[in-house]
Amino acid sequence: MNLKKIQRELKQPFTLSDLEWRVQSNGMSKDGKPWAMVLAYIDNRAIMNRLDEVVGVGAWRNEYVPLPNSVGDGALCGISIKIDGEWVTKYDGSDNTAVESTKGGLSGAMKRAAVMWGIGRYLYDFDTFWADCITEKKDGYTKAYTKDKKVFYWKAPSLPKKYLPQKDILPSQRETIHTMLEQTDTKIDDYLNFYGVDRLVDLYEDEAAKIINSLLRKLSQQKAEEEDAKKLEDKKGKAKNEK
């Protein structure tokens, strides 16, 4: 597996079941309705599963070293992936945390190192989201407290499509692409290389849609050029006949 393909698969969004949420701020409105703004994150279990799935259990490893004394109390984590027989390592670090300081520092360092590989990097693009909040207990809602100890219950929000795992290419898209490649006398290799895959079937639905749009533009341009060429030939023929 080449580096481009590895990065492509590592950076894919996680499923909603892999995401964890925490309340960043909350309160009660003047009319007594609770509100909460929440942030999404992933834990190290999700990171390890992603690495296992993409590169294989024997093709990645992690290691920890203490942060330099001049930096602070914490650790650097290096995540190494074997690419073309060579180990490539990316490091990042984290200070120890207030709760379970050492464990928290190691966990934070690994999450940061994972981001260096693209894992969960899209989460940094997230804004805070408004959670669905109620005052009565209900299945699917999490219990929480405001600063003045008032109880409320909240539920994680739904996410925009761009933050959800991409779907595989559709059979109809494969057929359309094959047909348009023949019509435009285009090779698929350039598209596959651009998206870092080896086969058409490895593309995602959104990527296939972009390829179809590109081929549509190319086909439209070809037809326009053919029409212009025909008009030019007709004009030349008409001029010749007039002579």
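Predicted model only: the values in this text are computed from it and were never measured.

Here helix H2 (residues 44-55) is 12 residues long and its end C-alpha atoms lie 16 Å apart, about the 16 Å a rise of 1.5 Å per residue gives. Those residues of H2 that sit buried are Asn44, Ala46, Ile47, Arg50, Leu51, Val54 and Val55. Across the axial projection of H2, the buried residues extend over an arc of 155°, all falling on one side. N-cap assignment for H2: the residue whose side-chain oxygen lies 3.2 Å from the backbone N of arginine 45 is aspartate 43. One or two steps after H2, the chain reaches glycine 56, where phi turns positive at roughly 100°.

What follows is about the pattern of salt bridges. In this structure the tally under the stated criterion is six salt bridges. With a closest N to O distance of 3.6 Å, aspartate 198 and lysine 5 form a salt bridge. Taken together, the residues span a long stretch of sequence, with aspartate 198 in the loop between helix H5 (189-195) and helix H6 (205-242) and lysine 5 in helix H1 (residues 3-10) at a distance of 193 residues. Owing to a relative accessible area of 54%, aspartate 198 belongs among the exposed residues under this scheme. For lysine 5, a relative accessible area of 14% gives the class buried. Among the salt bridges present, the one from lysine 161 reaches aspartate 206, with a minimum N-O distance of 3.7 Å. You can see lysine 161 sitting in the loop between strand S9 (151-155) and helix H4 (171-184) and its partner aspartate 206 sitting in helix H6, a full 45 residues away along the chain. Classification of lysine 161 as exposed rests on a relative accessible area of 62%.

Reading the values: the criteria
- Residues numbered from 1 in each chain as written.
- Predicted model: local features only at pLDDT ≥ 70, side-chain atom pairs only at ≥ 80, totals over all residues.
- Heavy atoms only, no water.
- Helix = DSSP H or I, 4+ residues; strand = E, 2+ residues; numbered from the N terminus.
- Expected span 1.5 Å × (residues − 1).
- Buried < 20%, exposed > 50% of the residue type's maximum accessible area, 1.4 Å probe, protein only.
- Arc of directions from axis to C-beta.
- Polar contact = N/O pair within 3.5 Å; in protein donor to acceptor, adjacent residues only side chain to side chain.
- Salt bridge = Lys/Arg side-chain N within 4 Å of Asp/Glu carboxyl O.

None of this, on its own, says anything about what the molecule does.
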